[in-house]
Amino acid sequence: LLLLLEATLLQLASGSRHPFYNGFYYNHIMNDMGNGQDKDYFNGPKLVVETSKDPVYSYSGANITLPCHYRYEPDPGAKRKIRIKWSKLRDDYTKEQDVMVAIGKTSVAFGDFKGRAHLHQASQHEASLVISDVRLKDDGKYRCEVIDGLEDESDVVDLRLQGIVFPYQPPRGQYRLNFHEAEQVCQDQGAILATFHQLFQAWSEGLDWCNAGWLADGTVQYPIRLPRKPCGGLHLAPGIRSYGPRHRHLHRFDAYCFSSMLRGEVFYLDRLTGMTLEEAKQSCQEAGAEIAQVGHLYSAWKFLGLDRCSAGWLADGSVRYPIVKPRPNCGPAEPGVRTFGFPSKGRFGVFCYKER
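Residues numbered from 1 in each chain as written. Predicted model: local features only at pLDDT ≥ 70, side-chain atom pairs only at ≥ 80, totals over all residues. Heavy atoms only, no water.

A. Expanded view of the pattern of salt bridges. Applying the stated criterion across every chain yields a total of 16 salt bridges. Note that R116 is salt-bridged to D138, the shortest N-O span being 2.8 Å. Here R116, found in the loop between β9 (106-109) and β10 (117-120), pairs with D138, found in the loop between β11 (128-131) and β12 (140-148); they are 22 residues apart in sequence, far enough to count as distant. By relative accessible area, which is 5% here, R116 ends up buried. Taking the relative accessible area as the measure of exposure, D138 reaches 2% and is therefore buried. Where R263 meets D133, a salt bridge forms, and the shortest distance between an N and an O atom there is 3.0 Å. Highlighted residues: R263 in the loop between β19 (254-260) and β20 (264-269) and D133 in the loop between β11 and β12, separated in sequence by 130 residues. Judged by its relative accessible area of 32%, D133 falls in the partly exposed class. A single network of salt bridges, built from pairs that share partners, joins E50, R71 and E73. (Salt bridge = Lys/Arg side-chain N within 4 Å of Asp/Glu carboxyl O. Helix = DSSP H or I, 4+ residues; strand = E, 2+ residues; numbered from the N terminus. Buried < 20%, exposed > 50% of the residue type's maximum accessible area, 1.4 Å probe, protein only.)

The following block contains the structure:
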């Protein structure tokens, strides 16, 4: 019986439909136009599905509920046999990723959502989705689909992670990354490639960077707040400059990475004589932590107010420091994460990261 139920759920996830009688009635009407096309006219209660019209905000490591409710107009009263399917959509709605399907109290989650996704049904007509231990790539649009026999209605809710976009260049220098290498360097920094929506949000908050970088959809773009000659020209309005889709293996650019709020803390360690990179890693381990990644430092700067006018090593071999309140001898007059690049030698402090 369990195998049969799972097979039914898998068929539902793949898009198959097996109608069953549910109290709805359909009148089959012969088309009198003589073109051989008949039409079914629905005559019965209308199924309505509704999700949140506003985005639902969360952060990495949290548990989140994506609301979804359905109703009938008019309400037939009797309880019905409902199938529920949740899918994650691309921004352009052209492709879906199955999240979970459910019939009654039995459900199956798929892919990365196994063990993390389940339904919340506090009321009779609720089909809300609970995602536990939210991950960076969970950010996006989700479709709640309710199937009642021949009736199939859905609505979309937007899950947005609170985070920060930062441009990234590897130690080799500018424009050295193809798309797949850009994906990897972001992962190495505790981040993922940013989406266009995330880059646009960062631009609206003040991000201005003249180097073109990969985004998650394979396009190459860059955000400009202050138009200038090397960045598209003086006469173009502020905005997101786009190179469009590029060849993911052959073309090389920088990367725009996205990191969310932290589940831990970033702290600074130093010695009177400073440390080499290897000594810095060892000092973090002795403190019960690990050397921080670039994404950790940006997140701590934005969400935890980390402000330190002392340069420190990070895991990628770069030396940086975060400034919330600009002041003399601490770099430019704007807040930000300053960088010394990737020094081959030198002695500095270190930023460590420890999960709570």
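B. Up close: the pairing of strand β25 (residues 349-355). Counting buried positions over the seven residues of β25 gives five, a clear majority of the element. Two elements, β20 and β25, share six bridges in a ladder whose sense is antiparallel. In the sheet register, Y268 faces β25, and the bridge partner there is F351. Bridging between strand β21 (residues 290-291) and β25 involves two bridges; their strand directions are antiparallel. Residue I291 lies in a different strand from β25, and its bridge partner there is C352. Where strand β22 (residues 312-313) and β25 come together, two bridges link them in parallel fashion. If you follow G312 over to β25, its bridge partner there is G349. (Pairing = 2+ DSSP bridges.)

C. Geometry of the nonpolar core. The biggest cluster of nonpolar side chains holds 87 residues, and the ones touching the most others in it are L66, W86, M100, L129, I131, Y142 and F351. The element that contributes the greatest number of residues to this core is helix α5 (residues 294-303), accounting for five residues. (Core = buried A, V, L, I, M, F, W, Y, C linked by side-chain atoms within 4.5 Å.)

D. Here's a closer look at the layout of surface pockets. Estimates place the volume of the largest pocket at around 1500 Å³. Lining the largest pocket are 46 residues, and of these L136, K137, I192, L193 and A216 lie nearest its centre. Roughly 1100 Å³ of internal volume is contained in the second largest pocket. Around the second largest pocket sit 36 residues that line it, and V165, P167, L207, Y298 and W301 are the ones nearest its centre. Of all the secondary structure elements, the ones that give two or more residues to the lining of the second largest pocket are β13 (151-161), β14 (163-168), α3 (196-204), α5 and β24 (336-339). Ranked by residue count, the leading element in the lining of the second largest pocket is β14, at six residues. Residues that form the lining of the second largest pocket fall into these classes: 18 nonpolar, 10 polar and eight charged. (1 Å grid on protein atoms, 1.4 Å probe; cavity = no way out; pocket = protein on both sides within 12 Å on 5 of 7 lines; lining within 4 Å. Points joined across faces, edges and corners; volume = space filled by probe spheres on them. Nonpolar A, V, L, I, M, F, W, Y, C, P; charged D, E, K, R; others polar.)

E. The arrangement of helix α4 (residues 277-286) in detail. Every buried residue belonging to α4 is among A280, S283 and C284, and all of these are buried. Down the axis, α4 shows its buried residues gathered within 100° of arc, on one side only. For α4, the exposed residues lying more than 90 degrees away from the buried face are E278, Q285 and E286. Where α4 is buried, its residues contact β20, β21, β22 and β25. Taken from the residues just after α4, G288 is the one with a positive phi, measuring 75°. (Arc of directions from axis to C-beta. Contact = heavy atoms within 4.5 Å.)

F. Region of interest: the pairing of β19. Within β19, seven of the seven residues are buried, which leaves the element mostly enclosed by the surrounding structure. Relative to β19, β14 is paired through six bridges, and the arrangement is antiparallel. The residue of β19 that forms the bridge with Y168 is A255. Of the strand pairs in this sheet, strand β15 (residues 192-193) and β19 are connected by two bridges, and their pairing is antiparallel.

G. Examining the state of the cysteines more closely. Applying the stated rule across the entire model yields five disulfides. Here C68 connects covalently by a disulfide to C144, the sulfurs 2.0 Å from one another. Looking along the S-S bond of the C68-C144 disulfide, the torsion reads about -80°, which is the left-handed sense. Placement of C68 in strand β6 (residues 68-73) and of C144 in strand β12 is noted, with a sequence separation of 76 residues between them. On the basis of relative accessibility, which here comes to 0%, the residue C68 falls in the buried class. (Disulfide = S-S within 2.5 Å.)

H. Local environment of the packing of aromatic side chains. Here the structure, examined in full by the defined rule, presents 14 aromatic pairs. With 5.8 Å between their ring centres and 75° between their planes, Y321 and F340 make a pair best called edge-to-face. In this pair, Y321 sits in strand β23 (residues 319-323) while F340 sits in the loop between β24 and β25, placing the two residues 19 residues apart along the sequence. On the accessibility criterion, Y321 (8% relative accessible area) is buried. Note on F340: relative accessible area 48%, which makes it partly exposed. The rings of Y175, F179, W214, Y222, Y243 and F253 are connected pair by pair, giving a single aromatic cluster. (Phe/Tyr/Trp six-rings, centres within 6.5 Å; stacked < 30°, edge-to-face > 60°.)

Honestly, it's all geometry; don't read function into it.
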